[in-house]
Amino acid sequence: MVRGSRWLVLGIAIVAQIASVSAMMGLPFVLPELRAAYHLTTAQAGALAGLPSLGLLLTLLGWGVVIDRYGERFTMTVSLALTAGFLLLLGVVDGPLGVGAVLLLVGAAGGPVNAASGRLVLGWFSRRERGLAMGIRQGAQPLGMGLAAAALPLVAAHHGFVTAMLLPAALALAVLPFVAMFAAAPPAVAAAGDDPARPAKPGSPYRQARIWRVHAASVLLIVPQFTLATYALVYLVDEHGWSAPLAGAVVAAGQVPGALARLGAGLWSDRTGSRLRPVRILAAACAAALLVLAGASSVLPGLAVVLLLICLVLSVSHNGLTFTAVAETAGLAWAGRAMAAQNSLQALGSTLTPVLMGVAIDGAGFPAAFALAAVFAAAAITAVPRSEQPSGPSAT
């Protein structure tokens, strides 16, 4: 493949990630229909929304070994095929238990696309370009969620929950042949001597405290991200009286600047030579915005909608930076496992967050949930390591 094909590989990684995200994170956008169909409370529906993340959590470390051993193209192709197949099972299962089992399988199958596509981009781009490239690739998550927010509520309103969730299955099947043909590994000659992601004789990066601190900060920031991802639409429906399709369209619109924020954060990190200083700044801004949203929700509802969109953007903007920092610390030989570990820990947060915040909403309302999410964002500021360069055997 010629050098210019790295941008084709990046494009394939983005499209594959959009398909995976819409499958695994589409459920919050049909939460009102799910509640009505099975007579569930918000907390119970939130628990179902967290099951794809639980499935990811249970399997992703194993997928990381598959990525490092068999490569990104094989892993992504198998993952997309299984994801589509499991989503099709929604048409034959019955009741919340059956739906929950399918959602668990969807998460188990869909998780490795994020880590595999991240490792692919890591290999094709040098350190000086990687922040931008990974920021663009990580922009696939808000774009995937935006696509789900725009399409799924509309379909669910007219055809029901199950039909809406079959759309991500169709998207995964459409993307699959392009991944199989074009998601090629980088050539060996792409290795660069000044690049800490390409060690000659790598040792375990988990002997360093730094990688654990990046993991911790990322997990803490997942809480505000998934609080808003899960309940933004429900908040607009329940508190502001909006229809689900209208709320979904507004949330979808918020995903576009979210994707651009990830791109901008990646470029920022390339220009400054720092992945982690921007993370601290974005975490502080997110915490402050959530506290203002919590206060405005009951007294200034019009302003609260604007603040909700701002919080949606801020809550997703850090993700590419922490993902890149973990990969660079680990080195290419460990990148699949390290990014899988990152996703696994994030999956733990995204599994528990809908349940925790659903209980908070049922018990004390949306402002309490927003304030609680702000506490987690503030805690992430202290978790982010101060050192910018990895040390130890993976930093050669």
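Further up the page is the structure itself.
Calculation notes
- Here the residue numbering is sequential within each chain, running from 1 through the sequence in written order.
- Two thresholds apply to this predicted model, a pLDDT of at least 70 for residue-level local features and 80 or more for giving and counting side-chain atom pairs, whereas whole-chain, interface and lining totals are computed over all residues.
- With hydrogens and water set aside, each side-chain value is computed from the structure's full complement of heavy atoms.
- The patches reported here contain residues having more than 30% relative accessible area and no salt bridge. Joining distances are 9 Å for like charges and 5 Å for nonpolar side chains (Val, Leu, Ile, Met, Phe, Trp, Tyr).
- Only the protein chains shown count as covering a residue, and every accessible area follows the Shrake-Rupley method with a 1.4 Å probe.
- When a carboxyl oxygen of Asp or Glu is within 4 Å of a side-chain nitrogen of Lys or Arg, the pair counts as a salt bridge.
- Segments assigned H or I by DSSP are reported as helices when at least four residues long, segments assigned E as strands when at least two residues long, and all are numbered from the N terminus.
- Summary of the burial criterion: residues with accessible area below 20% of their type's maximum are buried, those above 50% are exposed, and those between are partly exposed, where the area comes from a 1.4 Å probe applied to protein chains only.
- Working rule for contacts: check all heavy atoms of both residues, and any pair within 4.5 Å makes them a contact.
- Criterion for a disulfide: a pair of cysteine sulfur atoms within 2.5 Å.
- Pairing of aromatic side chains here covers Phe, Tyr and the six-membered ring of Trp, requires ring centres within 6.5 Å, and sorts the geometry by plane angle: under 30 degrees stacked, over 60 edge-to-face, intermediate tilted.
- Here a cavity denotes grid points, spaced 1 Å and computed from the protein atoms alone, that fit a 1.4 Å probe unable to get out, and a pocket denotes an open set having protein on both sides within 12 Å along at least 5 of 7 lines; residues with an atom within 4 Å of a point are the lining.
- Grid points are joined across faces, edges and corners, and a volume is the space filled by probe spheres set on the points.
- When residues are sorted by character, Ala, Val, Leu, Ile, Met, Phe, Trp, Tyr, Cys and Pro go into the nonpolar class, Asp, Glu, Lys and Arg into the charged class, and all the rest, Gly among them, into the polar class.

Overview of a nonpolar patch on the surface
- Taken together, Val299, Leu300, Leu303, Val306 and Ile310 make up a surface patch of nonpolar side chains, about 430 Å² in accessible area.
- Among the secondary structure elements, Val299 is positioned in helix H13 (residues 276–299).
- Overall, Val299 belongs to the exposed group, its relative accessible area being 58%.

Quick look at the pattern of salt bridges
- All told, the structure shown has 1 salt bridge when counted by the stated rule.
- With a closest N to O distance of 3.4 Å, Asp238 and Arg35 form a salt bridge. Placement of Asp238 in helix H11 (residues 209–240) and of Arg35 in helix H2 (residues 31–38) is noted, with a sequence separation of 203 residues between them.

So, the environment of Ala140
- Looking at the element boundaries, Ala140 is found in helix H9 (residues 140–159).
- Residue Ala140 is classed as buried on the basis of its relative accessible area, which comes to 0%.
- Residues Ala140 and Ser20, spaced 120 residues apart in sequence, show a C-alpha to C-alpha distance of 9.5 Å.
- Every residue in contact with Ala140, bar those within four places of it in the chain, is listed here: Ile14, Gln17 and Ile18.

Regarding the state of the cysteines
- Applying the stated criterion to the full structure yields 0 disulfides.
- You can see Cys286 has no disulfide; the closest cysteine sulfur is in Cys311, sitting 6.0 Å from it.

With respect to the packing of aromatic side chains
- Scanning all chains against the criterion turns up 4 aromatic pairs.
- Taken together, a centroid distance of 5.8 Å and an interplanar angle of 50° make the contact between Tyr70 and Phe74 tilted.
- A relative accessible area of 54% means that Tyr70 is categorised as exposed.
- You can call Phe74 partly exposed: its relative accessible area is 45%.
- Between Tyr235 and Phe366, the ring centres sit 5.2 Å apart and the planes meet at 65°, which makes this aromatic pair edge-to-face. Remark: Phe366 occurs in helix H17 (residues 366–383) and Tyr235 occurs in helix H11; sequence separation between them is 131 residues. With respect to class, Tyr235 is no different from Phe366; both count as buried.

Let's talk about empty space enclosed by the protein
- Enumeration according to the criterion identifies 4 cavities of 30 Å³ or more in this entry.
- Of the pockets and cavities examined, the largest cavity occupies roughly 240 Å³.
- Residue lining of the largest cavity: 19 residues in total, with Met25, Leu56, Asn114, Gln141 and Asn343 positioned closest to the centre.
- Looking at the lining of the largest cavity, the elements with two or more residues in it are helix H1 (5–24), helix H4 (51–70), H11 and helix H16 (332–364).
- Split by residue class, the lining of the largest cavity holds 7 nonpolar, 12 polar and no charged.
- Lining the second largest cavity are Met24, Met25, Pro28, Ala49, Pro52, Ser53, Met145, Phe226, Ala229, Thr230 and Ser350.
- Tallying contributions element by element places H11 first for the lining of the second largest cavity, with 3 residues.
- Split into classes, the residues belonging to the lining of the second largest cavity amount to 8 nonpolar, 3 polar and no charged.

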